[in-house]
Amino acid sequence: MGKPPPFDEKTARRVEAVYTSPDEVRQRDFVLGALDLQPGESVLDIGSGPGFCMRDNAMAVGPSGSVCGVDSSPPMILLAQKRCAGLAQASFREGEATALPAGDGEFDAALATQVYEYVADIPAALAELRRVLRPGGRAVILDTDWSSLVWNARDKARADRIVEAWDRHLADPHLPRTLSAHLRAAGFGIADRKVHVILNPEYGPDSYSRRMLDIIVPFVIRHGGIEKDEAKAWAEELKELGDAGEYFFSLNRYLFVARKPGEG
Ligand SMILES: C[S@@+](CC[C@H](N)C(=O)[O-])C[C@H]1O[C@@H](n2cnc3c(N)ncnc32)[C@H](O)[C@@H]1O
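Summary of the structure given here. Given the structure is predicted, the values throughout are model-derived calculations rather than measurements.

## Observations concerning the packing of helix α1 (residues 9-18) against helix α4 (residues 74-83)
Working step 1: Relative to each other, α1 and α4 sit at 40 degrees, their axes nearing to 8 Å. Relative to α4, α1 is oriented oblique. Contacts between α1 and α4 involve Glu9, Ala12, Arg13, Val15 and Glu16 from the first element and Pro75, Met76, Leu79, Lys82 and Arg83 from the second.
Working step 2: Here the contact of α1 with α4 is composed, by residue class, of five nonpolar, no polar and five charged.

Spelled out as structure tokens, the structure:
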């Protein structure tokens, strides 16, 4: 897989729209529960995107704590800054997961949700994660394995072509299956692993999978070598399945709680 295209302004806005779906709200609750933030803690959000987790984390650590968002996309940072306006404990730095603009041992906890799957050099990213955590600090990582996708289709060959083209939006669409080994190699202990399932048994306008069509269709046309008519016909077929009561979508995201050895 090559380098995924960067998040430009248009894509950043589409991602923001997907992240207001109830499915994504449930996912953030799941992540926040695993992160278990305490008032006064300092937290790094790697690939903070449109800033929904930043806002939740800022509320959790309170005014005596601090949350820092790092992202390589300036349009994403702008959206997140707007979302966190008025929260003095939230700040942002532009930067790369593999070269974090942060000091050694600066944070009690870190978060990287749906970010490492975009990063080609995972050992470099995890070395940076370990460096910026204090001894005993924890990290919560969440990524998708797109092989877990179950998405009903009448034209299965067409659906397979589109999902294969969509895989190109990531450096590794199957990262979770190798992440435990990567974490151990980087010197982390693994405290927990869990699965979060996004299940859309109906074609609801607010569902994650329905909203993702607004990102997947333009992506596979622009970057995946799929003809416009083919991508539109696939999306239309999903709507027809919804009308016929035959829609079904399910996708697994895997969460890892990693700990840097030592007492903080
Ligand atoms: C799918 S969004 C996830 C946003 C956020 N973590 C969340 O779950 O709400 C991925 C984000 O990671 C950022 N990103 C991708 N590759 C990155 C890298 N190498 N370094 C820093 N940020 C990166 C993108 O700009 C984007 O904002």
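## Thoughts on the site of the ligand
Working step 1: Close to the ligand lie 17 residues, the nearest being Gly47, Asp71, Glu96, Ala97 and Thr113.
Working step 2: Gly47 places a polar main-chain atom, nitrogen or oxygen, 2.7 Å from a nitrogen atom of the ligand.

## Looking at empty space enclosed by the protein
Working step 1: Inspection of every chain in the model, using the stated rule, returns one cavity of 30 Å³ or more.
Working step 2: Around the largest cavity sit Arg28, Val31, Leu32, Cys53, Asp56, Asn57 and Leu111, which together line it.
Working step 3: Among the secondary structure elements, those contributing two or more residues to the lining of the largest cavity are α2 (22-35) and α3 (52-61).

## Things to note about the layout of surface pockets
Any space left empty among the atoms is revealed by the rolling of a water-sized probe across them.
Working step 1: Here the second largest pocket defines a volume of roughly 210 Å³.
Working step 2: The wall of the second largest pocket is formed by 14 residues, among which Leu149, Trp151, Ala159, Asp160 and Val163 lie closest to the centre.
Working step 3: Of all the secondary-structure elements, those providing two or more residues to the lining of the second largest pocket are β6 (150-151) and α6 (156-166).
Working step 4: With four residues, α6 is the single largest residue contributor to the lining of the second largest pocket.
Working step 5: Residue classes in the lining of the second largest pocket are distributed as eight nonpolar, three polar and three charged.

## Focus: the state of the cysteines
Working step 1: Under the counting rule described, the total for this entry stands at zero disulfides.
Working step 2: Cys53 forms no disulfide, and the closest cysteine sulfur to it belongs to Cys84, at a distance of 10 Å.

## What to know about the pattern of salt bridges
Opposite charge on two side chains lets them pair, provided their charged atoms get close.
Working step 1: Across all of its chains, the model carries 22 salt bridges by this definition.
Working step 2: Here Glu24 makes a salt bridge to Arg253, at a shortest N to O gap of 3.3 Å. Separated by 229 residues along the polypeptide, Glu24 in helix α2 and Arg253 in strand β8 (residues 249-259) bring together distant segments of the chain.
Working step 3: Accessibility expressed as a relative area gives 2% for Glu24, which makes it buried.

## A few points about the packing of aromatic side chains
Working step 1: Scanning all chains against the criterion turns up eight aromatic pairs.
Working step 2: Judged by centre distance (4.8 Å) and plane angle (85 degrees), the ring pair of Trp151 and Phe249 falls under edge-to-face. Separated by 98 residues along the polypeptide, Trp151 in strand β6 and Phe249 in strand β8 bring together distant segments of the chain.
Working step 3: By relative accessible area, which is 1% here, Phe249 ends up buried.
Working step 4: An angle of 80 degrees between the planes, with centres 5.3 Å apart, marks the rings of Tyr203 and Tyr247 as edge-to-face.

## Topic: a nonpolar patch on the surface
Working step 1: Residues Val150, Val195, Val197, Leu199 and Phe248 make up a contiguous nonpolar surface patch of about 400 Å² in total accessible area.
Working step 2: Considering each element in turn, the nonpolar patch owes the most residues, three residues, to strand β7 (residues 189-200).
Working step 3: Turning to its location among the elements, Val150 is positioned in strand β6.

## Focus on α6
Working step 1: The set of residues buried in α6 consists of Arg158, Ala159, Ile162, Ala165 and Trp166. Looking straight down α6, one finds its buried side chains confined to an arc of 125 degrees; they lie on one side. Turned more than 90 degrees off the buried face of α6, the exposed positions are Lys156, Asp160 and Glu164.

## Thoughts on unusual backbone geometry
Glycine aside, residues mostly have negative phi, and peptide bonds are mostly found in the trans state.
Working step 1: With phi around 50 degrees, Asp36 is a residue other than glycine that occupies positive phi space.
Working step 2: Along the chain, Asp36 falls in the loop between α2 and β1 (42-46).
Working step 3: Overall, the relative accessible area of 47% leaves Asp36 in the partly exposed class.
Working step 4: In this model, Gln114 sits at a positive phi of 50 degrees, which is unusual for a non-glycine residue.
Working step 5: Within the element layout of this structure, Gln114 appears in the loop between β4 (107-113) and α5 (122-132).

Basis of the calculations
Residues numbered from 1 in each chain as written. Predicted model: local features only at pLDDT ≥ 70, side-chain atom pairs only at ≥ 80, totals over all residues. Heavy atoms only, no water. Axes fitted to C-alpha atoms, helices over the stretch in contact; angles between N-to-C directions. Helix = DSSP H or I, 4+ residues; strand = E, 2+ residues; numbered from the N terminus. Parallel < 35°, antiparallel > 145°, perpendicular 65-115°, else oblique. Contact = heavy atoms within 4.5 Å. Nonpolar A, V, L, I, M, F, W, Y, C, P; charged D, E, K, R; others polar. Near = heavy atom within 4 Å. Polar contact = N/O pair within 3.5 Å; in protein donor to acceptor, adjacent residues only side chain to side chain. 1 Å grid on protein atoms, 1.4 Å probe; cavity = no way out; pocket = protein on both sides within 12 Å on 5 of 7 lines; lining within 4 Å. Points joined across faces, edges and corners; volume = space filled by probe spheres on them. Disulfide = S-S within 2.5 Å. Salt bridge = Lys/Arg side-chain N within 4 Å of Asp/Glu carboxyl O. Buried < 20%, exposed > 50% of the residue type's maximum accessible area, 1.4 Å probe, protein only. Phe/Tyr/Trp six-rings, centres within 6.5 Å; stacked < 30°, edge-to-face > 60°. Patch = residues over 30% accessible without salt bridge, like charges linked within 9 Å, V, L, I, M, F, W, Y side chains within 5 Å. Areas by Shrake-Rupley, 256 points an atom, 1.4 Å probe, with all protein chains shown as cover. Arc of directions from axis to C-beta.

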